[in-house]
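Below are the chains, spelled out letter by letter.
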Amino acid sequence: MLSRELSASQLAQFEQLTGLLLDWNTRMNLTGITEPAEIALKHYLDSLTLLNYLAQAGRKRLLDVGTGAGFPGLPLAITLPLLRVTLLDSTAKKVRFIDEVGRALALDNIRTVHARAEDAGRDDAHRGTYDFVTARAVNRMPTLMECTLPLTKRGGMVIAMKGASAHEETRAAAKAISTLGGELAGIDEVRLPGLENPRFLVMVRKVGKTPRRYPRQAGIPSRDPIG
Ligand code: SAM
């Protein structure tokens, strides 16, 4: 599936990424998935389910919040070399891994930020500056909205990658979405070949301004979610 869409050098970059992931994974916990074919499916293809929304993105700016070992941000950066991808995580060693991947794969469209999303959201260098903000497996929706919408540009979009709880979590986040200047744009079901459980992409458009008091201090959005 991947090989039909990607150039030989992009495929080589994915292979290099697998090598680095498996190598670093022997020294730190980056992923529980260690079979290359499974990595391709559950990390790479899963990340690339966002391509439909980003194909026309050109040089726009995407922020991947809680990127961990770089998902979905790294596969998107490899596949869309014009897209400017910022990968943010609060764990320093994960950020170091991504820096190493960037050097080894000569990815000149990525940069990393070692920070809590709440702190980045209060920093004018990041607040309201991203056209797309993505997150996979990071917080429940009410908390995640406070970690993503403040960073999103007006007119931009948060894309939250969710499993079976997507609809329930999104209902629970209605107050957080409106309070933070967002509007639910839709929940799209995506399926990966051979996998039974559907995944969901929750699309939240930034239509207004996030009030200055948000995001609250790091840790508060998860202890005391809006709503
Ligand atoms: N997105 C990756 C993936 O799907 O493979 C990693 C998911 S991992 C379960 C969650 C990541 O989010 C961790 O690397 C953690 O350090 C990071 N994280 C959680 N809360 C965060 C916050 N408030 N700010 C920045 N990073 C955060």
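First, a word on what this report is: a plain description of the structure on this page. Worth saying up front: this structure is predicted, and the values here are computed from it rather than measured.

With that settled, consider the sheet that holds strand 2 (residues 84–89). Pairing is mixed in the open sheet, where seven strands are placed in the order 3-2-1-4-5-7-6. Either end of the sheet is taken by a strand with one partner, and the two such strands are strand 3 (110–114) and strand 6 (182–190). Between one strand axis and the next, the sheet turns through 20° on average, direction left out of account. In this sheet, strand 2 lies alongside strand 1 (residues 61–65) in parallel orientation, the contact comprising five bridges. Residue pairing for strand 2: Leu62 is matched across the bridge by Val85. Across the sheet, helix 3 (residues 36–48) is in contact with strand 4 (130–136), strand 5 (152–162) and strand 7 (199–206); its angle to strand 4 comes to roughly 150°.

Inspection of the secondary structure puts Arg216 in the loop between strand 7 and helix 11 (220–223). Separated by 2.7 Å, the side chains of Arg216 and Glu146 make a polar contact. One polar contact links the side chain of Arg216 to the main-chain carbonyl oxygen of Asp224, over a distance of 2.8 Å. Beyond its immediate stretch of four places on either side in the chain, Arg216 contacts Glu118, Arg122, Glu146, Pro221, Asp224, Pro225 and Ile226.

The subject of this paragraph is the pattern of salt bridges. A side chain with one charge can pair with a side chain of the opposite charge if their charged atoms come near. Enumeration over the complete set of coordinates arrives at 13 salt bridges. One salt bridge in this structure joins Arg27 and Asp23, with 3.3 Å as the shortest N-O distance. For Arg27, a relative accessible area of 56% gives the class exposed. Two residues, Asp131 and Lys153, come together in a salt bridge whose shortest N-O distance is 3.2 Å. Here Asp131, found in strand 4, pairs with Lys153, found in strand 5; they are 22 residues apart in sequence, far enough to count as distant. Assessed through its relative accessible area of 11%, Asp131 is described here as buried.

A few words on the packing of aromatic side chains. Evaluation of the coordinates by the stated rule reveals three aromatic pairs. Summarising the aromatic geometry, the rings of Trp24 and Phe97 are spaced 5.4 Å apart at their centres and angled 65° between planes, so their arrangement reads as edge-to-face. Of the two residues, Trp24 is situated in helix 2 (residues 8–25) and Phe97 in helix 6 (residues 92–104); the sequence distance between them amounts to 73 residues. As far as the burial class goes, Trp24 and Phe97 line up, both buried. Cluster of aromatic residues (ring-pair linked, three or more members): Phe14, Tyr44 and Phe71. Against the face of Trp24 rests Arg27, its NZ or CZ located 5.6 Å from the ring centre.

Reading the values: the criteria
- Here the residue index of a chain counts from 1 through its sequence in written order.
- In keeping with the predicted nature of the model, local features appear solely for residues at pLDDT of at least 70, side-chain atom pairs appear and are counted solely at 80 or more, and the whole-chain, interface and lining totals rest on all residues.
- Think of the side-chain values as coming from all heavy atoms in the structure, minus any hydrogens and water.
- At least two bridges found by DSSP between two strands are what make those strands a pair.
- Strands here are runs of E lasting at least two residues and helices are runs of H or I lasting at least four, both read from the DSSP assignment and numbered beginning at the N terminus.
- Lines fitted to the C-alpha atoms define the axes, with helices restricted to the stretch that makes contact. Angles between their N-to-C directions range from 0 to 180 degrees.
- Any two residues whose heavy atoms approach within 4.5 Å at even a single point are treated as in contact.
- Whenever a nitrogen or oxygen atom comes within 3.5 Å of another N or O atom, the pair is scored as a polar contact, on the condition that within protein one atom can donate a hydrogen and the other can accept it, and that pairs from neighbouring residues in sequence are kept only if both atoms are in side chains.
- In what follows, salt bridge is the name for a side-chain nitrogen of Lys or Arg lying within 4 Å of a carboxyl oxygen of Asp or Glu.
- A 1.4 Å probe rolled over the protein chains alone gives each residue an accessible area, and that area as a share of the maximum for its type sets the label: buried under 20%, exposed over 50%, partly exposed in between.
- In this scheme Phe, Tyr and Trp rings, the latter by its six-membered ring, pair at centre separations within 6.5 Å, and the angle between planes marks the pair as stacked below 30 degrees, edge-to-face above 60, and tilted otherwise.
- Two thresholds decide whether a charge sits over a ring: the Lys NZ or Arg CZ must be within 6 Å of the ring centre and within 35 degrees of the ring normal.

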